[in-house]
Amino acid sequence: MALGKNYDGQDCSLASALEVIGERWTLLVVRDAMYGVRRFADFQAHLDIPKAVLSQRLSALVAAGLLERRRYQDAPPRDEYVLTPVGRELWIPVLSLGQWGERHLAGKGPRRLFHHAPCDTRLDAVSFCATCRRSVPIEEVEVRPGPGLCDDTRRDQVSLALRKPHRLLAPILTR
């Protein structure tokens, strides 16, 4: 359940941000969009999220300007969802939260490793490349399977695609 919209006497940017991204499933939808998931059926299969909830989350993310809906087929009409520049700004918070979870909640090591694609250096929790000595934008990041992914038995097309190195934002096309 999201926070209430009425913050009597408060001026809190974090509370405002949580109104957009704080509901259950929302950051996972954003994460999958970063991985390159674009189609409703692929989000639904990879996240195991109820269709009604996914539809609501995608609509809310479009309304908030984090995702853009693009038509990819006219008959029947079908849309895909692509991160906007505003949505891409969530890269470092999503990366940091995921790596925090890997350090404190994962028993078998990281499930995903993130590398600076041009120089092959593993990134830290704030997307900093030690080789290039700079913060790396999402467009230059490659996700790779980590040691914690060893017993993944998921068979959906997104999970299968992410078992190989994949450039973030590059579409994962499953059909």
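Read on for a plain summary of the structure. (Residues numbered from 1 in each chain as written. Predicted model: local features only at pLDDT ≥ 70, side-chain atom pairs only at ≥ 80, totals over all residues. Heavy atoms only, no water.)

A look at the packing of helix α2 (residues 26–35) against helix α3 (residues 40–47)
Counted only if it meets this: To obtain an axis, a line is fitted to C-alpha atoms, over the contacting stretch when the element is a helix, and the angle between two such axes runs from 0 to 180 degrees between their N-to-C directions. Helical segments are the DSSP runs of H or I of at least four residues, strand segments are the runs of E of at least two, and each set is numbered from the N terminus. Each crossing is labelled by how the near helix is turned from the far one, with a counterclockwise turn of less than a right angle marking it left-handed and a clockwise turn marking it right-handed. A contact between two residues is defined here by any heavy atoms of the two lying within 4.5 Å. Each residue gets one label: Ala, Val, Leu, Ile, Met, Phe, Trp, Tyr, Cys and Pro are nonpolar, Asp, Glu, Lys and Arg are charged, and the others, such as Gly, are polar.
At a minimum axis separation of 11 Å, α2 and α3 run at an interaxial angle of 115°. Where α2 crosses over α3, the two elements pack in a sense that is right-handed. Where α2 abuts α3, its residues Leu28, Val29, Arg31, Asp32 and Ala33 lie against Phe43, His46 and Leu47. Classifying every residue of the contact of α2 with α3 by side-chain character gives 5 nonpolar, 1 polar and 2 charged.

Here's the deal with the layout of surface pockets
Threshold: Buriedness of a pocket was judged along seven lines, with at least five required to meet protein on both sides within 12 Å; pockets are open sets of points on a 1 Å grid over the protein atoms alone, cavities are sets where a 1.4 Å probe fits but cannot get out, and lining residues have an atom within 4 Å of a point. Grid points are joined across faces, edges and corners, and a volume is the space filled by probe spheres set on the points.
Within this model, the largest pocket holds a volume of roughly 760 Å³. Every residue lining the largest pocket is counted, 30 residues in all, and those nearest its centre are Arg31, Tyr35, Gly98, Glu102 and Arg112. Listed by contribution, the elements that provide at least two residues to the lining of the largest pocket are α2, α6 (91–105) and β3 (112–116). The residue inventory of the lining of the largest pocket, partitioned by class, reads 15 nonpolar, 6 polar and 9 charged.

Comments concerning the nonpolar core
Under the convention used in this document: Working definition of a nonpolar core: buried Ala, Val, Leu, Ile, Met, Phe, Trp, Tyr and Cys residues. They are joined through side-chain atoms within 4.5 Å. Residue exposure (1.4 Å probe, protein chains only): buried if accessible area is under 20% of the type maximum, exposed if over 50%, otherwise partly exposed.
Among the nonpolar cores identified, the biggest contains 34 residues, and Val29, Met34, Phe43, Leu67, Trp91, Phe114 and Leu168 are the most heavily contacted of them. Elements that contribute at least two residues to this core include exactly α2, α3, α4 (51–63), β2 (78–83), α6 and β7 (141–145). The biggest single contributor to this core is α2, with 5 residues.

Quick look at the environment of Ala52
Assignment of secondary structure puts Ala52 in helix α4. Exposure remark for Ala52: the relative accessible area of 61% places this residue in the exposed category. Spatially, the C-alpha atoms of Ala52 and Cys132 are 44 Å apart, while their sequence positions differ by 80 residues.

Topic: the side chain of Thr84
Looking at the element boundaries, Thr84 is found in the loop between β2 and α5 (85–88). Under the relative-accessibility criterion, Thr84 is labelled buried at 12%. Setting aside residues up to four positions removed in sequence, Thr84 forms contacts with Gly65, Leu66, Leu67 and Glu68.

Some points on the sheet that holds strand β4 (residues 121–122)
Test applied: Note: two strands are recorded as paired if DSSP finds a minimum of 2 bridges between them.
With respect to topology, 4 strands assemble into an open sheet ordered β4-β3-β7-β8, the strand pairing being antiparallel. Strand pairing shows two members of the sheet lacking a second neighbour, β4 and β8 (166–167), which therefore form its edges.

Digging into the side chain of His115
If you trace the backbone, His115 turns up in strand β3. Setting aside its immediate chain neighbours within four residues, His115 contacts Asp120, Thr121, Arg122, Leu123, Glu140, Val141, Glu142 and Arg144.

What to know about α6
To keep it simple, the criterion reads: By this rule the span expected of a helix is its residue count minus one, scaled by 1.5 Å.
When the terminal C-alpha atoms of α6 are compared, their 20 Å separation across 15 residues agrees well with the 21 Å that a helix rising 1.5 Å per residue should span. For α6, the secondary structure elements touched by its buried residues are α2, α5, β3 and β7.

Topic: the packing of α2 against α6
Selection rule: Small angles under 35 degrees read as roughly parallel and large ones over 145 as roughly antiparallel, with 65 to 115 read as roughly perpendicular and the rest as oblique.
The contact between α2 and α6 brings their axes to 11 Å, and the two run at 110°. Classed by the angle they form, the pair α2 and α6 counts as roughly perpendicular. Where α2 approaches α6, its residues Leu27, Val30, Arg31 and Met34 are matched on the opposing element by Trp91, Val94 and Leu97. Across the contact of α2 with α6, the residue classes break down as 6 nonpolar, no polar and 1 charged.

Description of empty space enclosed by the protein
By the definition in use, this model includes 1 cavity of 30 Å³ or more. Surrounding the largest cavity, Ala33, Val37, Arg38, Tyr81, Val82, Leu83, Arg88 and Leu169 form its lining. Counting residues per element, the lining of the largest cavity draws most heavily on β2, at 3 residues. Here the lining of the largest cavity is composed, by residue class, of 6 nonpolar, no polar and 2 charged.

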